[in-house]
Amino acid sequence: MKEQATLSKKTILLMAVVTGVIVANLNFIQPIENLIAADFNLSKAVVGMLAMVTQLGYAFGLLLIVPLGDIFDRYHLIQFMMILSIISLLLAHWAPNAGVFAVATGLVGITSVAPQIIIPYAGYLAPGLQRGKVLGIVLSGLLTGILLSRSFSGLLGSIMPWQDIYLVAAGIDLVFLVVVHFYLPHDERGHQDLSYWPVIRTLPHLFASQKPLRGAVINGFCLFGMSNVLWSTLAFYLAAQYHLGSSVAGLLGLLGIAGVLAAPLIGTLVDQRSPRLTVGLGMVFSGVAFGLFWLIGHWMLGLIIGIVLLDLGTQFSQVSCQAIVQSLNRQQSSRNNSVFMFSYFLGGSIGTLSATWAWSHAGWTGVCGVAVVFLVIAVAGHLLIGEPEKLATD
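Draft legend 1. Structural view of helix H6 (residues 98-111). Across its 14 residues, H6 extends 20 Å between first and last C-alpha, which sits within 8% of the 20 Å expected from 1.5 Å per residue. Phe101, Ala104, Thr105, Gly106, Val108, Gly109 and Thr111 are the residues of H6 that are buried. On its buried face, H6 is in contact with helix H3 (33-40), helix H4 (44-64), helix H5 (74-94) and helix H9 (163-183). The opening residue of H6, the one whose side-chain oxygen lies 3.1 Å from the backbone nitrogen of glycine 99, is asparagine 97.

Draft legend 2. Structural context of the packing of aromatic side chains. Taken as a whole and assessed by the stated rule, the structure comprises 19 aromatic pairs. Measuring from ring centre to ring centre gives 5.6 Å for phenylalanine 28 and phenylalanine 152, while their planes differ by 40°; the resulting arrangement is tilted. Taken together, the residues phenylalanine 28 in the loop between helix H2 (9-23) and H3 and phenylalanine 152 in helix H8 (residues 131-157) connect sequence positions 124 residues apart. According to the relative accessible area criterion, phenylalanine 152 is partly exposed, its value standing at 24%. Their ring planes at 45° and their centres at 6.2 Å tell us that phenylalanine 40 and phenylalanine 101 sit as a pair that is tilted. A residue pair is termed long-range when its members are at least 10 positions apart, and phenylalanine 40 in helix H3 and phenylalanine 101 in helix H6 qualify at 61 residues.

Draft legend 3. The arrangement of the environment of glycine 61 in detail. Tracing the sequence through the fold places glycine 61 in helix H4. Judged by its relative accessible area of 0%, glycine 61 is buried. Taking the C-alpha atoms as reference, glycine 61 lies 27 Å from serine 43; in sequence the two are 18 residues apart. Aside from chain neighbours lying at most four places away, what touches glycine 61 is Val66, Ile110 and Val113.

Draft legend 4. Structural view of the environment of leucine 56. With respect to the helices and strands, the residue leucine 56 is situated in helix H4. According to the relative accessible area criterion, leucine 56 is partly exposed, its value standing at 26%. The contacts of leucine 56, once residues within four sequence positions are left out, are Leu346 and Ser349.

Rules behind the numbers
- Residues numbered from 1 in each chain as written.
- Predicted model: local features only at pLDDT ≥ 70, side-chain atom pairs only at ≥ 80, totals over all residues.
- Heavy atoms only, no water.
- Helix = DSSP H or I, 4+ residues; strand = E, 2+ residues; numbered from the N terminus.
- Expected span 1.5 Å × (residues − 1).
- Buried < 20%, exposed > 50% of the residue type's maximum accessible area, 1.4 Å probe, protein only.
- Contact = heavy atoms within 4.5 Å.
- Polar contact = N/O pair within 3.5 Å; in protein donor to acceptor, adjacent residues only side chain to side chain.
- Phe/Tyr/Trp six-rings, centres within 6.5 Å; stacked < 30°, edge-to-face > 60°.

Here it is, written out as structure tokens:
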């Protein structure tokens, strides 16, 4: 097919790298929460709410902007959103007080949705029997951006003012905007004969009418929520338990390389075996991770092993659910992705808020208890709704 011919290995790599670069904007705040709290004289709970604002903004960007990928040329839409993201990063760099920074970080979330336009675009172009593998590669770029953003932010936060992190990020995004302009494939579909509000009004129907989408929504909500339960409180735990700073929180983010390396293999497993199997494995890995955090998280080795398992669990969930979502209907792939990713980051924002609240009231035990609640909901969804045994390939 003509569309599939444009999806070369170089194109897949470009999509993966750009996806990682842009999604990194969402996670800069996590390792430097202590620095922001000290600079703006805020409590840990309030800083946790600022981190939640970024993810909540992203969730609403997913709900209201990503469906535009089913209406407009995705080649131009991706670039337009990158420009808005750069402007938001510059506002976060300049922010003179917590109020302006809260607005800026919310805008960073809303405007950093280009990865979720790229992902259904990759799924649209990929041959049906290779869709899981292609999405695994692109999602490995997404996870790389997430984990490197924590390391990038944590390390830079230890050697320069934390505001400059957002300035550097804006410069990097500008470079990749130029790369995207010259090398991303043009969307052969062009402008679609659809209107915005009618498209938005279809989203509840898509959720209600597609059982596989409902299963993916619940699993993504819960397992990304569990991931954010850890990452939103890890800097606090390291400071309290080990007397360590933001640079170490950033370095621990590099442990997610295991998930990056596993993503293409997970995608192949989804294609050849069953997404129901891989979703189940994701829940197992995430559940065992928090068991280790609670039992032996006071030892650094226990913390390290748990982080590796949690990142693997998150990646098993995301690759599997994305493969399910992108196999449903190619003509509404952006809308299906919008529904899924809205729930995904809504779960992340609730995980962030509930974990910081639990940390303030019950410490590390309370944090692990919040993760258990997410896991119970995920298991219930897996048993009651379930996932398909095989992906659709048309």
